[in-house]
Structure formats: C-alpha cells, structure tokens
Amino acid sequence: MNPNAVDILLVEDNPDDAELTIRELRRHHISNKLVHVRDGEEALHFLFGTGKYANEQVNYKVPKIILLDIQMPGISGMEVLKSIKSDDRTSAIPVIILTSSNQHPNIQVCYDLGANSYIVKPLNFERFSQSIRNLGYHWLLLNQAPV
C-alpha cells in the first residue's frame, strides 16, 4: 500500500465550507489522508496527473472517494464528474456530490452522469457534522470498493 495514497479528495471552492468539512472529517477520525483542491481544473489535474501534478506518483492521485461541489467557477463540478466517470482510470471512484444546491434538475443530472450519492449541505451545524460523520463512516469504513 502506498503511504502517500489519498483517502478523500475534497473539491470545494468555498474556503469556509472546505474548512468546516475538513474539520468535521478529522474530528470524527474519518480521514487523515485528505487532499483539498479549490476548483474543477485543479481536481482534474490532480486526478489525471497533469499541470502541477504531472510529476507525482500515479497512486497518489487515486482517492478512495471524491467529495465534489458542483457550483464552482470555471470548470463546474458536473464537468468534473463527467470527466471522472468517462475515464477508465477513475470511473470506479465513488463520487459524492456535497453541495448547497437542492434543485431537482441538478440532482438528476448528477446521477445521470454517474454520481454515487448527492448530499445537500445542511445549514444547521449539528446536522452538517452528523452528515459528514455518516458519509465518512459509510464510504470509507463500510463500503467495499472494487480492487
């Protein structure tokens, strides 16, 4: 097993949401191996070993799960999701949409593109904390990923 392997790739452009998500994941001892990227372009560079990630080990870029916001400037989360699910190197990685959008068209499009789960960020802190704990517990501890 690669000691540099990533458990969670968090793709979130809002620094406050990213900080809260990371803090809750760590508070619940869900993941010490987390990488946060700030937009869709950086996420794709990370996953496919391009841009500033071109010289890093391939295993480093294959997270166990991806937490993906869909409302980002530039390359949207939906475009990132489409790229992930259409490439054999990344298509099996579970992608959990973690967003503030509860609009039905967004939900349907994300599932049509291959999202494994769609979670609307609760506005209440306690509910948000519980959502993050449950998310990590299910996807990192209970879920059996393909080899």
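For the structure, see preceding data.
The shown structure was predicted, so the numbers you read here are calculated from the model rather than taken from an experiment. (Residues numbered from 1 in each chain as written. Predicted model: local features only at pLDDT ≥ 70, side-chain atom pairs only at ≥ 80, totals over all residues. Heavy atoms only, no water.)

1. Considerations on the side chain of Asp 69
Take Asp 69: it is sitting in the loop between strand 3 (65–68) and helix 3 (77–85). Look at Asp 69: it is buried, it has no salt bridge, and the nearest opposite charge is Lys 121 at 4.4 Å. Engagement of the side chain of Asp 69 in a polar contact is seen with the backbone nitrogen of Gln 71, the distance being 3.4 Å. Of the polar contacts made by the side chain of Asp 69, one reaches the side chain of Thr 99; its length is 3.2 Å. Beyond its immediate chain neighbours, meaning those up to four positions away, Asp 69 contacts Val 11, Glu 12, Asp 13, Gly 77, Leu 98, Thr 99 and Lys 121. (Helix = DSSP H or I, 4+ residues; strand = E, 2+ residues; numbered from the N terminus. Buried < 20%, exposed > 50% of the residue type's maximum accessible area, 1.4 Å probe, protein only. Lys, Arg positive; Asp, Glu negative; His and termini not counted. Salt bridge = Lys/Arg side-chain N within 4 Å of Asp/Glu carboxyl O. Polar contact = N/O pair within 3.5 Å; in protein donor to acceptor, adjacent residues only side chain to side chain. Contact = heavy atoms within 4.5 Å.)

2. Some words on the nonpolar core
With 25 residues, the main nonpolar core has Ile 66, Leu 68 and Ile 97 as its most contacted residues. Every element with two or more residues in this core is listed here: strand 1 (8–11), strand 2 (34–37), helix 2 (40–48), strand 3, helix 3 and strand 4 (95–99). In terms of residue count, helix 2 provides more of this core than any other element does, five residues in total. In this structure Ile 66 touches Leu 9, Val 11, Leu 47, Ile 84, Ile 93, Pro 94, Val 95 and Ile 96, once residues within four positions along its chain are discounted. In terms of nonpolar packing, the next biggest core, distinct from the first, is built from 18 residues, Ile 8, Leu 20, Leu 98 and Ile 132 among them. (Core = buried A, V, L, I, M, F, W, Y, C linked by side-chain atoms within 4.5 Å.)

3. Structural notes on the environment of Leu 9
For Leu 9, the location among the structural elements is in strand 1. The spacing of Leu 9 and Gln 108 is 99 residues in sequence and 23 Å in space, taken between C-alpha atoms. In this structure Leu 9 touches Val 35, Val 37, Phe 46, Leu 47, Pro 63, Ile 65, Ile 66 and Leu 67, once residues within four positions along its chain are discounted.

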